[in-house]
Amino acid sequence: MSSDCPDVWNYLPPASYPIGDWEPQRFIWTLVMFAHFPARLFFPLFYKCIYGAIISESCQSTCFRALSYILSRGLIIEALGLVIVTVFDVRSDFTLHAVGYGIWLLAFMINAIASAILQHICGIRALSAKANRTFFIRVAIFLVGGGLCIFTAYAYAVYRLQCSDTAYLCFSISEYILVMFNAVFHLIPYWECNDVEIELVTHRSKPITRWDLNIIPEKFPLRAISYT
């Protein structure tokens, strides 16, 4: 039953409900959230290593640098949005919960399209069938996910105005699909770079060579990268 519309019954509650004060759902969500939060903070470095390894004129363009900056910051903002959603649940502060959800969703969509464009600009997309497939997966996530974002806003508005159980159900289903899309988006690097080894060094005199990228042929010019 919905708290806003007592006459509306929904056997598929929105994804936000397990984050509330219900146990053990909240405990499980919090445990999973903070277990994978550090890994999310690693993604900006990962993408910088992958896309920054290619030596090409396109990678020196202003567009590439701007998108790389947006992606690295967007990934962090997306993770922080999840933290806001977790800390401020639907019971404690619904407004902040909704703001956190919006931040997470907007950052997710920006990250999806930014990573796809970077993949195209740096030339990785054209180097293997796997890289080309992951490019289209990212684009599909952005297009379908963007449509679902608009649809969820519409469905929720209809639910609040008309107390429609159908609209509430559609909103819930769309939320679960978006969560699934987000999981797929962050699993893509594990699939396309399953044999990649990234080493962190403390001296720039010992660069990291990128010949282990299985999505890039060895003859393709790569940049030696080091991070302190």
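Remember, it's a predicted structure, so these values are computed and weren't measured experimentally.

Let's shift gears to the UniProt feature "transmembrane region" (unreviewed entry) in the protein. Mapped onto the present numbering, the UniProt feature "transmembrane region" (unreviewed entry) falls at residues 27-47, 67-88, 94-114, 135-154 and 166-188. End C-alpha atoms of residues 27-47 are separated by 31 Å, and the span's content is 100% helix alongside 0% strand. Taken end to end, residues 135-154 comprises 100% helix and 0% strand; its first and last C-alpha atoms sit 29 Å apart.

In this section: the packing of aromatic side chains. Evaluated as defined, the whole model comprises 8 aromatic pairs. A ring pair is formed by Tyr101 and Trp104, whose centres lie 5.8 Å apart and whose planes are at 40°; its orientation type is tilted. Of this pair, Tyr101 and Trp104 both sit in helix H3 (residues 94-121), 3 residues apart, which is roughly one turn of that helix. A relative accessible area of 17% places Tyr101 in the buried class. Between the aromatic rings of Tyr156 and Phe171, the centroid separation amounts to 5.1 Å while the plane-to-plane angle is 50°, which identifies the pairing as tilted. On the criterion of sequence distance, the pair formed by Tyr156 in helix H4 (residues 129-162) and Phe171 in helix H5 (residues 165-192) is long-range, its members being 15 residues apart. An aromatic cluster of three or more residues is present, and its members are Tyr101, Trp104, Phe108 and Phe185.

Turning our attention to unusual backbone geometry. Even without a glycine there, the phi angle at Cys163 is positive, about 50°. You can see Cys163 is positioned in the loop between H4 and H5.

What follows covers a nonpolar patch on the surface. Taken together, the side chains of Leu12, Leu169, Ile173 and Tyr176 define a hydrophobic patch exposed on the protein surface, amounting to about 300 Å² of accessible area. As for its position among the elements, Tyr176 is in helix H5.

An α-helical segment advances 3.6 residues per turn. Residues three or four places apart therefore align on the same side. End to end, H5 covers 41 Å across 28 residues, agreeing with the expected 40 Å (1.5 Å per residue, within 8%). The largest bend in H5 is about 30°, located at His186, with the proline Pro189 one to four residues further on. Structurally, the start of H5 carries an N-cap: the backbone nitrogen of Thr166 is 3.4 Å from a side-chain oxygen of Ser164.

This part covers the packing of H3 against H5. Running from amino to carboxyl end, H3 crosses H5 at an angle of 35°, the nearest separation of the two axes being 11 Å. As for how H3 packs across H5, the hand of that crossing is left-handed. Along its contact with H3, which presents Tyr101, Trp104, Leu105, Phe108, Asn111, Ala112, Ser115 and Gln119, the element H5 presents Glu175, Leu178, Val179, Phe181, Asn182, Phe185 and Glu192. Tallied by class, the residues present in the contact of H3 with H5 amount to 9 nonpolar, 4 polar and 2 charged.

Parameters and conventions
- Residues numbered from 1 in each chain as written.
- Predicted model: local features only at pLDDT ≥ 70, side-chain atom pairs only at ≥ 80, totals over all residues.
- Heavy atoms only, no water.
- UniProt positions renumbered as here; feature names shortened; annotations may be inferred.
- Helix = DSSP H or I, 4+ residues; strand = E, 2+ residues; numbered from the N terminus.
- Phe/Tyr/Trp six-rings, centres within 6.5 Å; stacked < 30°, edge-to-face > 60°.
- Buried < 20%, exposed > 50% of the residue type's maximum accessible area, 1.4 Å probe, protein only.
- Patch = residues over 30% accessible without salt bridge, like charges linked within 9 Å, V, L, I, M, F, W, Y side chains within 5 Å.
- Areas by Shrake-Rupley, 256 points an atom, 1.4 Å probe, with all protein chains shown as cover.
- Salt bridge = Lys/Arg side-chain N within 4 Å of Asp/Glu carboxyl O.
- Expected span 1.5 Å × (residues − 1).
- Bend = angle between axes of the 7 residues up to and from the residue.
- Polar contact = N/O pair within 3.5 Å; in protein donor to acceptor, adjacent residues only side chain to side chain.
- Axes fitted to C-alpha atoms, helices over the stretch in contact; angles between N-to-C directions.
- Left-handed = near helix turned anticlockwise from the far one by under 90°.
- Contact = heavy atoms within 4.5 Å.
- Nonpolar A, V, L, I, M, F, W, Y, C, P; charged D, E, K, R; others polar.

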